[in-house]
Amino acid sequence: MILIDLLQALLLLAGVGFFFVGTLGILRFPDVYTRIHALTKADNLGLGLIVFGLLLGADSIPVALKLLLVWGLALLASATAGYLVARAARRRGLRPWKARNWGNG
Amino acid sequence: MTWLLETVALLLLLTLALGLIRIWRGPTIADRMLAAQLFGTTGVGLLLVLAELQQMPALRDVALVLALLAVMAVLAFVARVWRREPEDGTEEDPPT
């Protein structure tokens, strides 16, 4: 029984860790494209690990299925949203950030 | 067990607060939109944890709806607000 709690703790903390990394990535990265990268990282992995952590504690099958459904929806959502924003940015002529010209903020 | 869920909920709130910095500082509106998307996902994670913490199964449905609505916001933004840049380069105000 202890092992499950330990595994649950590990998964939940890893999920929060990825959320933190994703948020930090959004703050630190220089332009829109790289921020989308960080954002989808936080979405998929962070939420996925949290859902797996909660899955261990789920008391019935429907609850577990609902958790997976939420995660699946979040996966689809962040993938399409990230792609759409990137395409819109590209269409507006937003050039990706290059290491040479620092000022392209 | 509950202390774990409480710390996880607290840390998620912390990441939400960090996301605010990006909203305040984001040069382009796309960055603010990304931060809004991040809020949606962090909110979903937080709701799922709270559903477990307070034994309220209704919160999982709220998380489901929030996950959907967060996407709608980004879709509306991309489709309506951020159209193709007009030739003269001025910020095209959204079509009324």
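Everything numeric in this text was worked out from a predicted model, so none of it was measured.

J.: Describe the overall build of chain B, with residues and values.
T.: Assigned secondary structure in chain B consists of three helices and zero strands. Element order for chain B, N to C, with α for helix and β for strand: α-α-α. Here chain B holds 96 residues, and 43% of them are scored as buried. When contacts within chain B are restricted to residue pairs at least 6 apart in sequence, long-range pairs at least 24 apart make up 51% of them.

J.: With reference to specific residues and values, describe the packing of helix α2 (residues 32-57) of chain A against helix α3 (residues 61-91) of chain A.
T.: Residue and element names in this part refer to chain A. Closest axis-to-axis distance for the α2/α3 pair is 10 Å, and the angle between their directions is 180 degrees. Here α2 lies roughly antiparallel to α3, going by the angle between them. Facing Val32, Tyr33, Ile36, Thr40, Asp43, Asn44, Leu47, Gly48, Val51, Phe52, Leu54 and Leu55 of α2, the residues of α3 in contact are Ala64, Leu67, Leu68, Trp71, Ala74, Leu75, Ser78, Gly82, Val85, Ala86, Ala89 and Arg90. Per-class residue counts for the contact of α2 with α3 are 17 nonpolar, five polar and two charged.

J.: Please provide a residue-by-residue account of unusual backbone geometry, values included.
T.: If you check the backbone angles, Gln55(B) has positive phi at about 50 degrees while not being a glycine. The exposure class of Gln55(B) is exposed, given its relative accessible area of 56%.

J.: Before we move on, could you go through the side chain of Ser78(A) and cite the residues and values that matter?
T.: If you trace the backbone, Ser78(A) turns up in helix α3. On the accessibility criterion, Ser78(A) (2% relative accessible area) is buried. Side chain to side chain, Ser78(A) and Asn44(A) meet in a polar contact 3.0 Å long. Not counting residues within four places of it along the chain, the set of residues in contact with Ser78(A) comprises Thr40(A), Asp43(A), Asn44(A) and Gln37(B).

J.: Mind laying out the pattern of salt bridges, listing which residues take part and the relevant values?
T.: Where charged atoms from two side chains of opposite charge come close, those side chains can pair. Under the defined criterion, the tally for this structure stands at three salt bridges over all chains. Asp31(B) is the partner of Arg35(A) in a salt bridge, and the nearest nitrogen-oxygen pair spans 2.4 Å. In this pair, Arg35(A) sits in helix α2 while Asp31(B) sits in helix α2 (residues 29-53), so the two residues belong to two different chains. Taking the relative accessible area as the measure of exposure, Asp31(B) reaches 1% and is therefore buried. Between Lys66(A) and Asp61(B) there is a salt bridge, with the nearest N and O atoms lying 2.6 Å from each other. Taken as a pair, Lys66(A) in helix α3 and Asp61(B) in helix α3 (residues 58-81) lie in two separate chains rather than in one. Taking relative accessible area as the criterion, Lys66(A) reaches 29% and is therefore assigned partly exposed. Judged by its relative accessible area of 34%, Asp61(B) falls in the partly exposed class.

J.: Summarise the confidence of the model for chain A; cite the residues concerned and give the values.
T.: This prediction gives chain A a mean pLDDT of 85; 94% of its residues lie at or above 70. When pLDDT is averaged over each element of chain A, helix α1 (residues 2-28) of chain A comes out on top at 89 and α2(A) at the bottom at 86.

J.: I'd like to hear about a nonpolar patch on the surface, residue by residue, with values.
T.: Residues and elements named next belong to chain A. On the surface, a nonpolar cluster with roughly 520 Å² of combined accessible area is contributed by Met1, Ile4, Leu7, Leu10 and Leu56. Of all the elements, α1 adds the most residues to the nonpolar patch, at three residues. Here Met1 shows up in the segment before α1.

Thresholds, definitions, all that
- Residues numbered from 1 in each chain as written.
- Chains lettered and ligands numbered in written order.
- Predicted model: local features only at pLDDT ≥ 70, side-chain atom pairs only at ≥ 80, totals over all residues.
- Heavy atoms only, no water.
- Helix = DSSP H or I, 4+ residues; strand = E, 2+ residues; numbered from the N terminus.
- Buried < 20%, exposed > 50% of the residue type's maximum accessible area, 1.4 Å probe, protein only.
- Contact = heavy atoms within 4.5 Å.
- Axes fitted to C-alpha atoms, helices over the stretch in contact; angles between N-to-C directions.
- Parallel < 35°, antiparallel > 145°, perpendicular 65-115°, else oblique.
- Nonpolar A, V, L, I, M, F, W, Y, C, P; charged D, E, K, R; others polar.
- Polar contact = N/O pair within 3.5 Å; in protein donor to acceptor, adjacent residues only side chain to side chain.
- Salt bridge = Lys/Arg side-chain N within 4 Å of Asp/Glu carboxyl O.
- pLDDT = per-residue confidence, 0-100.
- Patch = residues over 30% accessible without salt bridge, like charges linked within 9 Å, V, L, I, M, F, W, Y side chains within 5 Å.
- Areas by Shrake-Rupley, 256 points an atom, 1.4 Å probe, with all protein chains shown as cover.

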